[in-house]
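Here is what each chain is made of, one letter per residue.
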Amino acid sequence: MSAMPQRPSPPKLAGSRVVVVGARRSGVAMARFLLSRQARVVLSDVGPPEELGPGVAALAQEGAKLELGRHETATFAGADLVAVSPGVPLSVAPIAEARRRGVRVVGEIELASWFLQGILIGITGTNGKSTTTALTAHLLSSAGLKATACGNIGLPLTDLIPRDAPDHYYVVELSSFQLEAIDTFRPWIAALLNLAPDHQDRYESPISYYHAKTRIFRNQGAADHAILNRDDPEAWGLARTLKSRVHPFSRARAVEDGACLMDDRIVVRSGGREIRAIPLAKVPLFGAHNIENVMTALLIADLCGVPLPRAERGLASFRGLPHRLEKVRELDGVAFFNDSKATNVAATTKSLESFPGKVVLILGGKDKGGDFTQLLPLVRERVAHLVLMGKARDAIAAQIGAAVPATMVVTMAEAVEAARSKAPPGGVVLLAPGCASFDQYAGFEERGEDFRRLVMALGPVA
């Protein structure tokens, strides 16, 4: 394993005025850490106090000043540092004004990276981030290394600072929102799984979203490693622009220094030499796209010094994450799959590619500006019936509703009932909504749990 790059010394926080923006999990974690370093903390959130958790009130007892229900521009402009939660756009007026006045504005990932001595591994992409992050941490841990999956997967990086160690591997899932707010963050290994339009309700164009994603590589140098999808034109187009050593992965072609698919095996190669071949039959995850996620995790494990036979044993014990192409049950010859995490059109595409046909597809939720016409070839080829739900159902129907028979519903209960009634013998009911969940649910997890509960409650046809 090559030597890790040196990091700059962290700034002194004691006595500094820091505004933490956003009072959800990341914001609370940042505020708690900053208080532990004797910073003067203001926690600012536009939400009313009654909508925030008990952790916010506890911070007030620990010395933080709360600015709730509003953002005060003067507070931001008078800060030494503004630390922004991922869900808060950097374009918010008080943040933009603070920047204009020369105040440093960073995100939680950036803040935490200043104080961590461990080894940073960053994983991003439009789809597959969480699975790849969890799998990578699992492979490293199974090999006896200290490794933690963190970041966008649900555990703030800041929370890990108190138990930091130089030999700890931090496998960080990174969203575009988090990457917008990095400055010096430098992962030793950075992986870009894929790029497809997403979050078009926040970004002006797919290009601005892609630019945010590619910031994962901005501080890497010759001592670092970049893992890129050779089959994704947008991702692979970066290869010649990076300072780090590039390792491709591909399902479509052989590669010299990376991972590829040959016959029915995943092959890891270095300098054109085969290091290890792993039969696809030993991959415990369903769906062709998960082959790419496994390739990425194996490449990272190899770079971290894990012998590939040991990584293969770790792979066999990985059970995947819920709500990601998760098989719920079979009933009356119909298989029910929960892919609630498919919150954009590209993710729905990958879900559909996993089934040869006879699919009843449940789509809909809160529209993120996706172009559902991109699904038309797969819908015509593999979908027997569409069930369209939620706020986006009319927009989806206008784009693809004429391709195959469709049923319009409002709730998940209606969707499950309609899908079951339309499923052909030997068919599949697939929840892969292509939309956010926030029209009816707190998140994709809650939506997936509702689907699973409703499916498990179904009885056999009399």
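Our subject is the structure listed above.
Quick caveat, the model's predicted, so the values are computed rather than measured. (Residues numbered from 1 in each chain as written. Predicted model: local features only at pLDDT ≥ 70, side-chain atom pairs only at ≥ 80, totals over all residues. Heavy atoms only, no water.)

A. A look at the overall build of the protein. Helices and strands together make up the secondary structure of the protein, namely 16 helices and 20 strands. For a compact globule of 462 residues, the expected C-alpha radius of gyration is about 23 Å, and the protein comes in at 23 Å, within 12% of that figure. Over its C-alpha atoms, taken along the principal directions, the protein stretches across nearly 70 × 55 × 35 Å. Scored against the burial criterion, the 462 residues of the protein give a buried share of 57%. For the protein, contacts bridging at least 24 residues in sequence account for 65% of all contacts bridging at least 6. Surface exposure of the protein reaches about 18700 Å², of which carbon and sulfur atoms provide 51%. In the protein, 53 positive and 47 negative side-chain charges are present, and the distance between their average locations comes to 4 Å. (Helix = DSSP H or I, 4+ residues; strand = E, 2+ residues; numbered from the N terminus. Rg over C-alpha atoms; globule rule 2.2 N^0.38 Å. Buried < 20%, exposed > 50% of the residue type's maximum accessible area, 1.4 Å probe, protein only. Contact = heavy atoms within 4.5 Å. Areas by Shrake-Rupley, 256 points an atom, 1.4 Å probe, with all protein chains shown as cover. Lys, Arg positive; Asp, Glu negative; His and termini not counted. Charge placed at Lys NZ, Arg CZ, Asp CG, Glu CD.)

B. Region of interest: the packing of aromatic side chains. This structure, assessed with the given rule, holds 8 aromatic pairs. Ring plane angle 65 degrees and centroid distance 5.0 Å describe the contact between Phe33 and Phe115, whose orientation is recorded as edge-to-face. With a gap of 82 residues between them, Phe33 in helix H1 (residues 25-36) and Phe115 in the loop between helix H5 (108-113) and strand E6 (119-124) connect regions that are remote in the sequence. For the pair Phe33 and Phe115, one class covers both residues: buried. The interplanar angle of 55 degrees and the centroid separation of 5.5 Å between the aromatic rings of Tyr203 and Tyr209 together place this pair among those described as tilted. Summarising the burial analysis for this pair, Tyr203 and Tyr209 share the class buried. Grouping aromatic residues by their ring pairs yields a cluster made of Phe177, Tyr203, Tyr209 and Tyr210. (Phe/Tyr/Trp six-rings, centres within 6.5 Å; stacked < 30°, edge-to-face > 60°.)

C. The arrangement of helix H11 (residues 308-316) in detail. Listing the buried residues of H11 in full gives Leu308, Ala311, Glu312, Gly314 and Leu315. Down the axis of H11, the sector holding all buried residues measures 160 degrees, keeping them to one side. Packing partners of the buried residues in H11 comprise helix H6 (129-142), strand E13 (265-270), strand E14 (273-279) and helix H10 (289-303). (Arc of directions from axis to C-beta.)

D. Region of the structure containing the state of the cysteines. Across all of its chains, the model carries 0 disulfides by this definition. No disulfide involves Cys150; its sulfur sits 13 Å from the nearest other cysteine sulfur, which is in Cys304. Since its relative accessible area comes to 0%, Cys150 is described here as buried. (Disulfide = S-S within 2.5 Å.)

E. Main features of the environment of Leu228. Here Leu228 shows up in strand E10 (residues 225-229). When its relative accessible area of 0% is taken as the criterion, Leu228 is described as buried. Between the alpha carbons of Leu228 and Val42 there is a distance of 40 Å; along the sequence they are 186 residues apart. When near neighbours in sequence (up to four residues on either side) are disregarded, Leu228 contacts Leu192, Phe217, Ala235, Trp236, Leu238, Ala239, Leu242, Val246, His247, Pro248 and Phe249.

F. Representation of the nonpolar core. Counting 54 residues, the largest nonpolar core has Val20, Leu34, Val41, Leu157, Tyr170 and Phe217 as its most contacted members. At 6 residues, the largest contribution of residues to this core is made by H1. Leaving out residues up to four positions away in the same chain, Val41 has contacts with Val18, Val20, Ala31, Leu34, Leu35, Ala64 and Lys65. Counting residues in hydrophobic clusters, the runner-up holds 39 residues, among them Ile227, Val306, Leu308 and Ala311. (Core = buried A, V, L, I, M, F, W, Y, C linked by side-chain atoms within 4.5 Å.)

G. Layout of the sheet that holds E6. Strand order across the open sheet formed by 9 strands is E7-E8-E6-E9-E10-E11-E12-E13-E14, with mixed pairing between neighbours. Unpaired on one side and paired on the other, strand E7 (146-151) and E14 mark the two borders of the sheet. Shown here is a sheet whose adjacent strand axes are inclined to one another by a mean of 20 degrees, direction ignored. The pairing of E6 with strand E9 (residues 189-192) spans 4 bridges and is parallel. Residue pairing in the sheet places Ile123 in a bridge with Ala191 of E9. Across the sheet, H6 lies against E6, E7 and strand E8 (168-173), angled at about 170 degrees from E8, the strand it touches most. Along the sheet face, H10 touches E6, E9, E10, strand E11 (245-250), strand E12 (259-262), E13 and E14 and points at about 145 degrees away from the line of E11. (Pairing = 2+ DSSP bridges. Axes fitted to C-alpha atoms, helices over the stretch in contact; angles between N-to-C directions.)

H. Structural view of the side chain of Ser130. Assignment of secondary structure puts Ser130 in helix H6. Relative accessible area serves as the criterion here: at 6%, Ser130 is assigned to the buried category. Looking at Ser130, its side chain comes within polar contact range of the side chain of Glu173, at 2.8 Å. (Polar contact = N/O pair within 3.5 Å; in protein donor to acceptor, adjacent residues only side chain to side chain.)

I. Examining the environment of Ser421 more closely. As for its position among the elements, Ser421 is in helix H15 (residues 412-422). Judged by relative accessible area, Ser421 falls into the exposed class, the value being 54%. A distance of 2.8 Å separates a polar atom in the side chain of Ser421 from the backbone oxygen of Ala418.

J. Just the pattern of salt bridges, in detail. The tally for this structure, following the rule as stated, stands at 23 salt bridges. Arg101 is the partner of Glu97 in a salt bridge, and the nearest nitrogen-oxygen pair spans 2.7 Å. Accessibility expressed as a relative area gives 53% for Arg101, which makes it exposed. Across the pair Glu110 and Arg104 runs a salt bridge whose closest N-O atoms are separated by 3.9 Å. By sharing partners, the salt bridges in this structure join Glu97, Arg100 and Arg101 into a single network. (Salt bridge = Lys/Arg side-chain N within 4 Å of Asp/Glu carboxyl O.)

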